[in-house]
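This is what each chain is made of:
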Amino acid sequence: MTTDLHGPLAAYAERLHATIGDRHHVASPLGAWLLLALSAATADADPVPGPETATGRLADALGTDLARAAEVARTLLDAPHPLVASATALWLRPGRLTDEPAGWRAALPTATEVGTLPDQAGLDAWAREHTDGLIETFPLKVHPDVVFALASALATRISWAQPFEVTDARALGPASAWTRDLRRALRSPGHGHQGAIVTTDRAGDVIVHAARAQATDGAGLVVLSVAAAPHVTSADVLAVAYDLSAGAADGAQPAGRRSLFDLPLGDTALWTLREERVRTRARDGREERHSAVLPCWSARSEHDLTAESLGFPAATAALAGALAQPVQGFEARQVAMARYGRYGFEAAAVTGMFGTVSLPPEGVARTAEMRFGHPYAVVAVATDTRADGVTGPWHGVPVFSAWVTEPDDLPDA
């Protein structure tokens, strides 16, 4: 099936990047969206549905109804992409898991790990394992008032089908401030990469470059780079990049693509256009070529996901209801990294959500150290509780009893 996720995910990405701002960063809107979708899978429908209910707010953040979001999450996670490692988990505080099958378990993707809440070392190990070591620590710190944890991990390491060539960083243009600190940059090869100048409603003319990974079993990955004029906001450029990415997987030319013969020769803030006499097989004798110069880049970021618009308050309420847990608060955070270079691209993100209870207020505690220093009684009583909750005939029966008057010394062995 097709997931039809692009529209909802693009809307969610705009919300997420808006909370981050225009600082250098990398994020995984998909990683956060998947956690919301897992919460949606377990949620019960509200008796009186509406936008102000927890499930209504969750559906608004997801950009689709809860059932559809849950179906998309199951489809993605149960049929993982060969080039994108994915993992999800739901952990509960020890003693809060029941032996009985529960509806919320069946609603989760089969690939979602369910179990007892690990300690911090266990959470960090899970992050490393499911990102091939790209993320070393879990984004949240476990503490005594955590009732449950929900996590997602996404990771990729790809090689370009056609590596970049190397050029002098001054090719980034005389107006680029980066040339003061860089010596070399990347130049797209003569084939295997795609480029275009595209007119958009939101960001005006933008330049677009697409590099493809070496495909595995027919599955690939396309990394799209989009730049607009310097005055255009990061929010607008990111939104346009998501719009243009809709057709990138098919290699389709983007809507609004401009012919180079409709543009004036010379320099702009985004490109230099020149014309030369060549031999060409173009039907009308007019050939269009696109070359791109980009810097290598890397980023490592952490993001607070507690803003109401990102949906985690509603997701926590929905999941707490499904698990019948007395959750009073939540924490949500994502850590992400990426590197873009001559030969390939790697990126990973781990997103975590904790449901928490408030610790009791401070008071006074007394501890009695009880000393069995003279003769005392001992009774051994059987327990006999079945899986269905019914008690058996041995339950509560005293089996052994003793009166202790001659204690033994603790043996050396």
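Since we're looking at a predicted model, the values are computed, not measured. (Residues numbered from 1 in each chain as written. Predicted model: local features only at pLDDT ≥ 70, side-chain atom pairs only at ≥ 80, totals over all residues. Heavy atoms only, no water.)

## As for the packing of helix α2 (residues 29-42) against helix α8 (residues 312-323)
Thinking step 1. Packing of α2 against α8 leaves a shortest axis separation of 8 Å and a crossing angle of 35°. When you trace α2 past α8, the crossing you get is left-handed. Here A32, L35, L36, S39 and T42 of α2 lie close against α8, whose contacting residues are F312, A315, A318, L319 and A322.
Thinking step 2. For the contact of α2 with α8, the class distribution of residues is 8 nonpolar, 2 polar and no charged. (Axes fitted to C-alpha atoms, helices over the stretch in contact; angles between N-to-C directions. Helix = DSSP H or I, 4+ residues; strand = E, 2+ residues; numbered from the N terminus. Left-handed = near helix turned anticlockwise from the far one by under 90°. Contact = heavy atoms within 4.5 Å. Nonpolar A, V, L, I, M, F, W, Y, C, P; charged D, E, K, R; others polar.)

## Quick word on the sheet that holds strand β6 (residues 194-200)
Thinking step 1. In space, the 3 strands of this open sheet follow the order β6-β7-β8, with antiparallel pairing throughout. The open sheet terminates on both sides in strands that have one partner only, identified here as β6 and β8 (222-227). Recorded for the sheet is a direction-independent mean angle of 25° between the axes of neighbouring strands.
Thinking step 2. The sheet contact formed by strand β7 (residues 204-212) and β8 spans 6 bridges and is antiparallel. (Pairing = 2+ DSSP bridges.)

## Let's talk about the pattern of salt bridges
Thinking step 1. Tallying each qualifying case throughout the model produces 12 salt bridges.
Thinking step 2. Measuring nitrogen to oxygen at the nearest pair gives 2.6 Å for the salt bridge that ties R202 to E14. A residue pair is termed long-range when its members are at least 10 positions apart, and R202 in the loop between β6 and β7 and E14 in helix α1 (residues 6-20) qualify at 188 residues.
Thinking step 3. E302 is paired through a salt bridge with R333; the nearest N and O atoms lie 3.1 Å apart. Of this pair, E302 sits in strand β12 (residues 297-304) while R333 sits in strand β13 (residues 329-340); the two residues are 31 residues apart in sequence, bridging distant segments of the chain.
Thinking step 4. The partly exposed category is assigned to E302, whose relative accessible area is 44%. (Salt bridge = Lys/Arg side-chain N within 4 Å of Asp/Glu carboxyl O. Buried < 20%, exposed > 50% of the residue type's maximum accessible area, 1.4 Å probe, protein only.)

## Regarding the environment of A111
Thinking step 1. For A111, the location among the structural elements is in the loop between α5 (103-107) and β2 (113-116).
Thinking step 2. Separated by 33 residues in the primary sequence, A111 and D78 place their C-alpha atoms 5.6 Å from one another.

## What about the packing of aromatic side chains?
Thinking step 1. Counted according to the given criterion, the structure contains 9 aromatic pairs.
Thinking step 2. With a centroid separation of 6.3 Å and an interplanar angle of 65°, the aromatic rings of W91 and F138 are classed as edge-to-face. You can see W91 sitting in strand β1 (residues 85-92) and its partner F138 sitting in the loop between α6 (120-130) and β3 (146-159), a full 47 residues away along the chain. For the pair shown, W91 and F138 are each scored as buried.
Thinking step 3. Seen from their ring centres, W297 and Y340 are 6.0 Å apart, and the 15° between their planes marks the pair as stacked. Within this pair, whereas W297 is found in strand β12, its partner Y340 is found in strand β13, the two being separated by 43 residues in sequence.
Thinking step 4. On the basis of relative accessibility, which here comes to 3%, the residue Y340 falls in the buried class.
Thinking step 5. Three or more aromatic residues joined by ring pairs form one cluster here, namely W160, F164, W297, Y340 and F345.
Thinking step 6. Sitting over the ring of F261, R286 keeps its end group 4.3 Å from the ring centre. (Phe/Tyr/Trp six-rings, centres within 6.5 Å; stacked < 30°, edge-to-face > 60°. Lys NZ or Arg CZ within 6 Å of the ring centre and 35° of its normal.)

## Brief notes about helix α7 (residues 234-245)
Thinking step 1. The first and last C-alpha atoms of α7 sit 16 Å apart over 12 residues, in line with the 16 Å expected at 1.5 Å per residue.
Thinking step 2. All of the buried residues along α7 are D236, V237, A239, V240, A241 and L244.
Thinking step 3. If you follow the buried residues of α7, they end up packed against α1, β6, β7 and β8. (Expected span 1.5 Å × (residues − 1).)

## Overview of the confidence of the model for the protein chain
Thinking step 1. In this model, the protein chain carries a mean pLDDT of 83, and residues with pLDDT of at least 70 account for 83%.
Thinking step 2. Looking across the protein chain, the model is least confident in strand β15 (residues 376-381), with a mean pLDDT of 53, and most confident in α6, with 97. (pLDDT = per-residue confidence, 0-100.)

## Observations concerning the side chain of T156
Thinking step 1. Topologically, T156 is positioned in strand β3.
Thinking step 2. By relative accessible area, which is 9% here, T156 ends up buried.
Thinking step 3. At 2.6 Å, the side chain of T156 and the backbone oxygen of L83 are in polar contact.
Thinking step 4. Not counting chain neighbours up to four residues away, the residues in contact with T156 comprise L83, L134, L221, F345, E346 and A347. (Polar contact = N/O pair within 3.5 Å; in protein donor to acceptor, adjacent residues only side chain to side chain.)

## Examining the environment of L34
Thinking step 1. Here L34 lies in helix α2.
Thinking step 2. You can call L34 buried: its relative accessible area is 2%.
Thinking step 3. When the C-alpha positions of L34 and L9 are compared, they lie 9.9 Å apart, and in sequence the two are 25 residues distant.
Thinking step 4. Residues contacting L34, with those up to four places away along its chain left out, are A73, L76, L77 and L154.

## Here we look at α1
Note on helix geometry: an α-helix contains 3.6 residues per turn, so any two residues three or four positions apart are oriented the same way.
Thinking step 1. With 15 residues, α1 extends 21 Å between its outermost C-alpha atoms, agreeing within 8% with the 21 Å of an ideal straight helix rising 1.5 Å per residue.
Thinking step 2. Regarding α1, the residues found buried are P8, L9, A10, Y12, A13, L16, H17 and I20.
Thinking step 3. Looking at the packing, one finds that the buried side of α1 touches α2, α3 (54-62), α7, β12 and α8.

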